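Architecture at a glance
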Amino acid sequence: MARRAVAIIRSLPAWLTAALVLALTLGTLAAVAWRAEVGRGLSAGDWSAIRFTVLQAAASAVVSVVLAIPVARALARRQFRGRGALVMLLGAPFILPVIVAVLGLLAVFGRGGLLNVGLGAVGVAPVSIYGAGGVVLAHVFFNLPLAVRLILQGWLSIPAERFRLAAQLNAPLWRVLELPMLARHMPGALLVVFLICLTSFAVALTLGGGPRATTVELAIWQAIRFDFDLGRAALLACVQFALCAMAALVAWHITPLDGFGSGLDRTVARWDQSRWDWVWLILVTLFLVLPLAMILWRGVPSLPDLGLDIYRAAGRSVLVALAATALTLGAALSLSLRGGLLVGMIGALPLAASALVMGTGLFLMVFPFVNPVTVALPVTVCVNAFMALPFALRLLSPTVADIRADYGRLAANLALGPWATLRLIILPRVRKSLSFAAGLTMALSIGDLGVVALFATPAQETLPLAMYRLMGAYRMDAAAGAAVLLLFLALGAFWVCDSRGQGDADAG
Amino acid sequence: MLTLDNVTVSKGTFQLHTCLQVPPGITAVIGPSGGGKSTLLAAIAGFELVVSGRIGWDGIDLKGLVPGQRPVTMLFQDHNLFPHLTIAQNVGLALAPRVKLTAQQVARVDAALADVGLQGLGERKPATLSGGQVGRAALARSLLSDRPVVLLDEAFSALGPALRAEMLELVGERMAAQGRTVIVVTHDPQDARRFADQIIFVAEGVAHAPQRTADFFDYPAPAARSYLG
């Protein structure tokens, strides 16, 4: 009896979650595939979208990883004041709303930005950020820090004794230690960045477009929003799913999610140093900080002028994020409690599904019955929740497994029962992971500009969408104000959630 | 009386066979590592599946009872206290599956803590206690539980010899003397010699029937002789 009850409490929510995930990923895919007009084939425009998607992702991956190597090396061998802050800064882009970063990059590299002002002063023709170059630039902004962290881990994984031995033998470090390490770590980093760029929508939406810089996801959005060509959107969604699924399973095992810079706080003791280290460190800091500083500089003064519609949109964003976070945490916790390989794979499925594909599928499913506009926000909640699920699961399930291994028998021997075990033992002990996962989900959801763009009209606008509309209308000051608000909300929500998990429950 | 009647326990490819009875008092389980000592305790506590035979307590078949329903309280090698709960909350879990206790329960917890020499430390977290104090707190919880069988699976092996002796003395005074059946897995034959009433020797997948401690050490069986050296 009791054993049965335990089994049901462990299994039922997990299977419900699994069913929901399957419905959202494979279910929407089925809806898409059923509707796809395979017979008419892919047009020349579609092929060029596929080509551009792959090429820009490849270019972004190569540029990010190649630039990451000198930065990671500098971080690996230099100890300086502010190093911890820089490592933390390298973690920030993960929770930075894409559209905020894009606006910041526009302020630096755009038409009236710092770069072109400088170029103009020396009589050089201005450069344009729009198009393929801008898409790659924005992707490098987001993924260079990730690549640095991945490769820095590689550097720190070289045992100190080897550096000592090599120094003593006066052996070339680069040849005997660093090149072999890079050969091991670079393929993973390249693949991760490639995959992330393959599914990035907001960057292509804001900086891409036109026949030469349209990604598959952007083409899906255009097919629905402008042409209302559901058959073509569905066909493109199938293509996008195939693209992602191919790379996702490989990448899943090498994405690091180690908190924000934990374990990266030491350096390698070594005896070769180069002055170029400082150049690289200063350049990467400027590259990351300048766009954000420009946002603050332009946005803060226009904060008081933000319209009521912006604050309404912000409120909607927060509500959507709260609902998505509750859903994600519940789903991740129930999957973690169930455990097992199958559940882990189901939890990882959203990685392969793009938000736009899910959105298209849901659009096709609800369209015959209700006006998609009326379900824009619930759909956004679901999709945001499930896009964050793999990360939350990665954070929670090892912790839950550890608690099981350490205290499972004790709890059973004490006859605590499933609910008391959950309430008294598991929840207090996963608080830290749970808070971090909540922070990530809140920030990701607040900053998300994806599926909501498919469905919403101004009446359902979230803050990122409102910001996009302002940018489209060239109201850049108002957009910068909204960006400051969005930045504050996303980072603030992360901080509020994450700090609830700080403090050691076991101390005192 | 705890009875293991032609019991076979299966753990992966490893199998443990036994047929024995354990009387009240302290029984030490000794033998080479990998011989099945912990498996024996895990089977009694309900953590390992018994594939054949029967484990009984006072005529009741324990088959089908989950660990929490058995007349067994167990202390493990480590992780005996939940680090996020106070000492009093940890000990109180022997009385009810909650951390807020009634006044009467609080009084019993305090009494149990005083019994093991931890009066006044109930509000502390385990991390602030020494290894010996943590052992005592876990012992206090076992004292408080009214279950007649107490299993100690190398519960004190992380402690030094003096502390370990102190713990086993407490076990003798507070548990064995009350008529409870205490089964202690130990790596140290000297501990067994000093504190146990009888010895179960476990080696190569067989748990032998208990022998009186003096007999075991004075006239060891061939297998035990090679273990004792």
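The structure presented is a predicted model; accordingly, all values stated were derived computationally and were not measured. (Residues numbered from 1 in each chain as written. Chains lettered and ligands numbered in written order. Predicted model: local features only at pLDDT ≥ 70, side-chain atom pairs only at ≥ 80, totals over all residues.)

Focus on the overall build of chain A
Summing up its helical and strand segments, chain A has 20 helices and zero strands in all. Radius of gyration (C-alpha) of chain A: 24 Å, near the 23 Å computed for a compact globule of 508 residues. By principal-axis analysis of the C-alpha atoms, chain A measures approximately 80 × 65 × 50 Å. Expressed as a percentage of its 508 residues, the buried residues of chain A come to 49%. Contacts spanning at least 24 positions in sequence make up 86% of the contacts within chain A whose residues lie at least 6 apart. (Helix = DSSP H or I, 4+ residues; strand = E, 2+ residues; numbered from the N terminus. Rg over C-alpha atoms; globule rule 2.2 N^0.38 Å. Buried ≥ 20, exposed ≤ 12 C-beta atoms within 10 Å, placed from the backbone. Contact = placed C-beta atoms within 7 Å.)

Observations concerning the interface of chain A and chain B
In many analyses, interface size is given as the accessible surface area lost on bringing the parts together. Counting from both sides, the interface comprises 21 residues of chain A and, opposite them, 21 residues of chain B. Elements with a contribution of two residues or more to the side of chain A that touches chain B: helix 1 (2–35), helix 16 (376–413) and helix 17 (417–446) of chain A.

Topic: helix 17 of chain A
Taking 1.5 Å per residue as the helical rise, helix 17 of chain A with its 30 residues ought to reach 44 Å, whereas the 38 Å between its terminal C-alpha atoms falls clearly short. In helix 17 of chain A, a bend of some 60 degrees at Arg431 of chain A exceeds every other bend along the element. (Expected span 1.5 Å × (residues − 1). Bend = angle between axes of the 7 residues up to and from the residue.)

Here we look at unusual backbone geometry
Positioned with a positive phi, Tyr474 of chain A is a non-glycine residue whose angle comes to about 55 degrees. With respect to the helices and strands, Tyr474 of chain A occurs in the loop between helix 19 (463–472) and helix 20 (476–500). At Asp58 of chain B, a residue that is not glycine, the phi angle is positive and equals roughly 50 degrees. Within the secondary structure, Asp58 of chain B is located in the loop between strand 4 (50–57) and strand 5 (60–61). When the 9 C-beta atoms within 10 Å are taken as the criterion, Asp58 of chain B is described as exposed.

Comments concerning helix 10 (residues 216–225) of chain A
Buried residues dominate helix 10 of chain A, accounting for eight of its ten residues. Looking at helix 10 of chain A, one finds that the buried residues are Val216, Glu217, Leu218, Ala219, Ile220, Trp221, Ala223 and Ile224 of chain A.

What about the domain arrangement of chain A?
Residue and element names in this part refer to chain A. When its domains are assigned, chain A resolves into domain 1 (1–35 + 306–508) and domain 2 (51–299). The C-alpha centroid of domain 2 is placed 25 Å from the C-alpha centroid of domain 1. Taken together, the contact between domain 1 and domain 2 spans 44 residues of the former and 35 residues of the latter. The set of elements that each furnish at least two residues to the side of domain 1 that touches domain 2 consists of helix 1, helix 14 (341–352), helix 15 (355–366), helix 16, helix 17, helix 18 (452–455), helix 19 and helix 20. For the side of domain 1 that touches domain 2, the leading source of residues is helix 20, giving eleven residues. (Domains from an automatic or database assignment.)

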